[in-house]
Number of protein chains: 2
Amino acid sequence: AAVYYRQTFAAHCEAPVERYVCEPVTPGLETKAAGPSATMRERMEDMVTKQQAVIVRALEEVEGRKFTVDKWHRKEGGGGITTILQDGKVFEKAGVNVSVVHGELPPAAVAQMRARGKDFDSNGGNVQFFATGVSLVIHGRNPNVPTFHANYRYFEIPDPNNPEKPLLWWFGGGADLTPMYLEEEDAKHFHSTLKTACDKHDPSYYPKFKKWCDEYFYLKHRGEARGVGGIFFDDLDDRSPDELFAFSSECAAAIVPAYLPIVLRNKDRKFTKKQHEWQQIRRGRYAEFNLVWDRGTKFGLHTPAARIESILMSLPLTARWEYMYEVEKGSLEEELQEVLKNPREWA
Amino acid sequence: AAVYYRQTFAAHCEAPVERYVCEPVTPGLETKAAGPSATMRERMEDMVTKQQAVIVRALEEVEGRKFTVDKWHRKEGGGGITTILQDGKVFEKAGVNVSVVHGELPPAAVAQMRARGKDFDSNGGNVQFFATGVSLVIHGRNPNVPTFHANYRYFEIPDPNNPEKPLLWWFGGGADLTPMYLEEEDAKHFHSTLKTACDKHDPSYYPKFKKWCDEYFYLKHRGEARGVGGIFFDDLDDRSPDELFAFSSECAAAIVPAYLPIVLRNKDRKFTKKQHEWQQIRRGRYAEFNLVWDRGTKFGLHTPAARIESILMSLPLTARWEYMYEVEKGSLEEELQEVLKNPREWA
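Owing to the predicted nature of the structure, the values given are computational and were not obtained by experimental measurement.

1. Observations concerning the overall build of chain A
Across its full length, chain A holds 12 helices and 10 strands. With the C-alpha coordinates of chain A rotated into their principal frame, the extents come out at 65 × 45 × 40 Å. Each of the 347 residues in chain A was classed as buried or not, and the buried ones make up 59%. Considering only intrachain contacts with a sequence separation of at least 6, the fraction spanning at least 24 residues in chain A is 72%. One finds the centroid of the 46 positive side-chain charges in chain A at a distance of 3 Å from the centroid of its 50 negative side-chain charges.

Written as structure tokens, this is what we have:
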């Protein structure tokens, strides 16, 4: 199986791609990011915008169709590049979003940050912030293709008096897999790809971030995990920005090799009407998680003038809610439900 | 048009029905509620459970199929009767729920109540509560049939030392209509039916509760109302329990006459694939409101051991989210969007 995943990846994903899907948000980004005085903001934006291109081109090759590219501007500062493919043969909905936003932090957000233990001296003035990241959600057409989500981001509160050293900064991110049917080989491949990326930077990362992921992507009201997990981390600032940037880059580069072989392996499998219905039920759960529990989505929906379409891009194209849907004893649906209620170790 | 609605109602809804769809949660309820020492708890439970039967039988007659009746028990105290009809010819999903719950109020809920200005002296002991109400959401099959929601409820904090006089109590409720296409006659009929019910009790009620409804059923992140509104009120305790009970009973009795004629008028209209798609998009917005903004749903999802299936019964059977869905200029879809962005007066 490991050989299969490696070969599939090599055949499909190592073709050269142009660097960005369109002009980046920051003009002249590539030159700036490569220069000797590059800031972490520029390096991170460059990395996520390049990864966006890698991911989009890889998915386009599988789908045989181009993504729609929307570049948007944020009145309050910055903007983003939203790319999306809808109603495809392989992908029901696939969105890969880069955002590069900055401006003034609302007092409520400052209070929330302090509550999370992020303290800094703003000298009583207005607090500026900068945030950049790549975020993607892929819903497949075939119920045997798991839904996939990943997000890598960098947040900074710059010091107005010292452009070289921000008052506060951190990295966050993660990747998780949400199958409708459990394929143990897929889950193992996914987790071991992430573990390999983590291990190169710190052997304690994978176990810690795997657990964090299980805890974060959890539907409390259902008593079940969203899927078979992956990794999740936030507020990471316990080593140098360079080291954490290298780690985030490694994780972002693992997106395609972790997920794409799973798509290729399952996209042409036959499925029944019942499997399609189960997929729609699971999509409903996905929407529940994003709308009720996901911190980023909640924050976005409560932020005035946020770009709603880019935030809710993560929702499935279609979803279903049946009253008291129950899986059959001994069915493959029950097998999935079991693993959602009792997360396992995969790598 | 007024005659049409009246006749339709008379022909379909005035047939006698049995009193309850099944044995009520409180044994011997009917006798207790009619007795001279009946408490408000018993009278309210009796009223909502009888209205449940009226509503369910009226909808069954239209659908030509029976509702499923689930009686459930709550370990911590009380229970409920959930009735549902799914995947019908007229109704895609229709749920009418009665709950009668009591027990100990979690400290977080007490704190939240105090924050809302509800103060009382609990003598440092545990705080007991009682709540009963009827709650319904009806999603039609035909895109010309609006979605309908109503809910009437009574909440009480009993005084352990004086069963006659609770420490705190209030009534809440409302009804609102969510069409996919604007039919002015329907909106007028709906609002004037509610206005008539309100006016019998206080001429200031309808204008106040209509405004409250527009403000409450509002998707802030979309900048649009959920539908054409109706009435909404909460924390009502500014006159005697008897008066407010009479008002709530009047409103609950207005559910069928306000909504059913609208169903009958639209259920057999022809519709296109595009109209079906628009309906699915609007269903997505309905799910967004319930999962992100609705106080009752949020409270339920965060309450340990709540009956999730009864709470999420309000979600549509199917929903759709398209990236950047845009209505055509001059279309009927645009007409609806306009009224959602600019609520009107209907009665």
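Still to come is the rest of the account.
2. Describing the pairing of strand β3 (residues 91–104) of chain B
Residue and element names in this part refer to chain B. For β3, the tally of buried residues reaches 11 of 14 residues, placing the bulk of the element in the interior. Sheet analysis places strand β2 (residues 78–86) next to β3, joined by 9 bridges and oriented antiparallel. Within β3, the position partnered with G78 by the bridge is V101. In this structure, the hairpin formed by β2 and β3 is closed by a connection of 4 residues, where D87 is found at a positive phi of approximately 60°. Pairing between β3 and strand β4 (residues 128–140): 13 bridges, direction antiparallel. Directly across from K93, in β4, lies its bridge partner H139.

3. Regarding unusual backbone geometry
A positive phi angle, near 55°, is found at M324(A), a position not held by glycine. Within the secondary structure, M324(A) sits in the loop between β10 (318–320) and α12 (332–341). Under the relative-accessibility criterion, M324(A) is labelled partly exposed at 29%. Of note, D235(B) is a non-glycine position whose phi angle comes to about 60°, a positive value. Looking at the secondary structure, you find D235(B) in strand β9 (residues 229–236).

4. Digging into the side chain of E156(A)
Residues and elements named next belong to chain A. Among the structural elements, E156 can be located in strand β5 (residues 147–157). A relative accessible area of 6% means that E156 is categorised as buried. Residues in contact with E156, not counting those within four places in the same chain, are R41, Q128, F129, F130, P166, L168 and W169.

5. Notes on the interface of chain A and chain B
If you look at the interface, chain A gives 31 residues, while chain B gives 31 residues. Buried surface at the junction of chain A and chain B, summed over both partners, amounts to about 3,000 Å²; 60% is from carbon and sulfur atoms. Sorting the residues of chain A by area buried against chain B places E309(A), W321(A) and Y323(A) first, and these three jointly supply 28% of that buried surface. Our enumeration of links across chain A and chain B arrives at 4 salt bridges. R222(B) is the partner of E309(A) in a salt bridge, and the nearest nitrogen-oxygen pair spans 3.2 Å.

6. Some remarks on empty space enclosed by the protein
Tallied over the entire structure, the rule returns 11 cavities of 30 Å³ or more. Here the largest cavity defines a volume of roughly 100 Å³. Take the lining of the largest cavity: its biggest share by element is 4 residues, from helix α9 (residues 273–293) of chain A. Counted by class, the lining of the largest cavity contains 6 nonpolar, 1 polar and 7 charged residues. Lining the second largest cavity are E309(A), R222(B), I281(B), G284(B), R285(B), E288(B), R320(B), W321(B), E322(B) and Y325(B). Along the lines of polarity and charge, the residues of the lining of the second largest cavity split into 3 nonpolar, 1 polar and 6 charged.

7. Digging into the environment of T132(A)
Residues and elements named next belong to chain A. Take T132: it is sitting in strand β4 (residues 128–140). Owing to a relative accessible area of 2%, T132 belongs among the buried residues under this scheme. Remark: the alpha-carbon pair of T132 and T318, spanning 186 residues in sequence, is separated by 29 Å. A distance of 2.9 Å separates a polar side-chain atom of T132 from the backbone oxygen of S99.

8. Points about helix α6 (residues 205–216) of chain B
Residues and elements named next belong to chain B. In this model α6 runs 16 Å from its N-terminal to its C-terminal C-alpha over 12 residues, within 8% of the 16 Å that 1.5 Å per residue would give. For α6, every residue scored as buried is listed here: Y205, Y206, F209, K210, C213, D214 and Y216. Mapping the buried residues of α6 onto a view down its axis gives an arc of 170°, with all of them on the same face.

So, how was this worked out
- Residues numbered from 1 in each chain as written.
- Chains lettered and ligands numbered in written order.
- Predicted model: local features only at pLDDT ≥ 70, side-chain atom pairs only at ≥ 80, totals over all residues.
- Heavy atoms only, no water.
- Helix = DSSP H or I, 4+ residues; strand = E, 2+ residues; numbered from the N terminus.
- Buried < 20%, exposed > 50% of the residue type's maximum accessible area, 1.4 Å probe, protein only.
- Contact = heavy atoms within 4.5 Å.
- Lys, Arg positive; Asp, Glu negative; His and termini not counted.
- Charge placed at Lys NZ, Arg CZ, Asp CG, Glu CD.
- Pairing = 2+ DSSP bridges.
- Buried area = accessible area lost by both parts, 1.4 Å probe.
- Salt bridge = Lys/Arg side-chain N within 4 Å of Asp/Glu carboxyl O.
- 1 Å grid on protein atoms, 1.4 Å probe; cavity = no way out; pocket = protein on both sides within 12 Å on 5 of 7 lines; lining within 4 Å.
- Points joined across faces, edges and corners; volume = space filled by probe spheres on them.
- Nonpolar A, V, L, I, M, F, W, Y, C, P; charged D, E, K, R; others polar.
- Polar contact = N/O pair within 3.5 Å; in protein donor to acceptor, adjacent residues only side chain to side chain.
- Expected span 1.5 Å × (residues − 1).
- Arc of directions from axis to C-beta.

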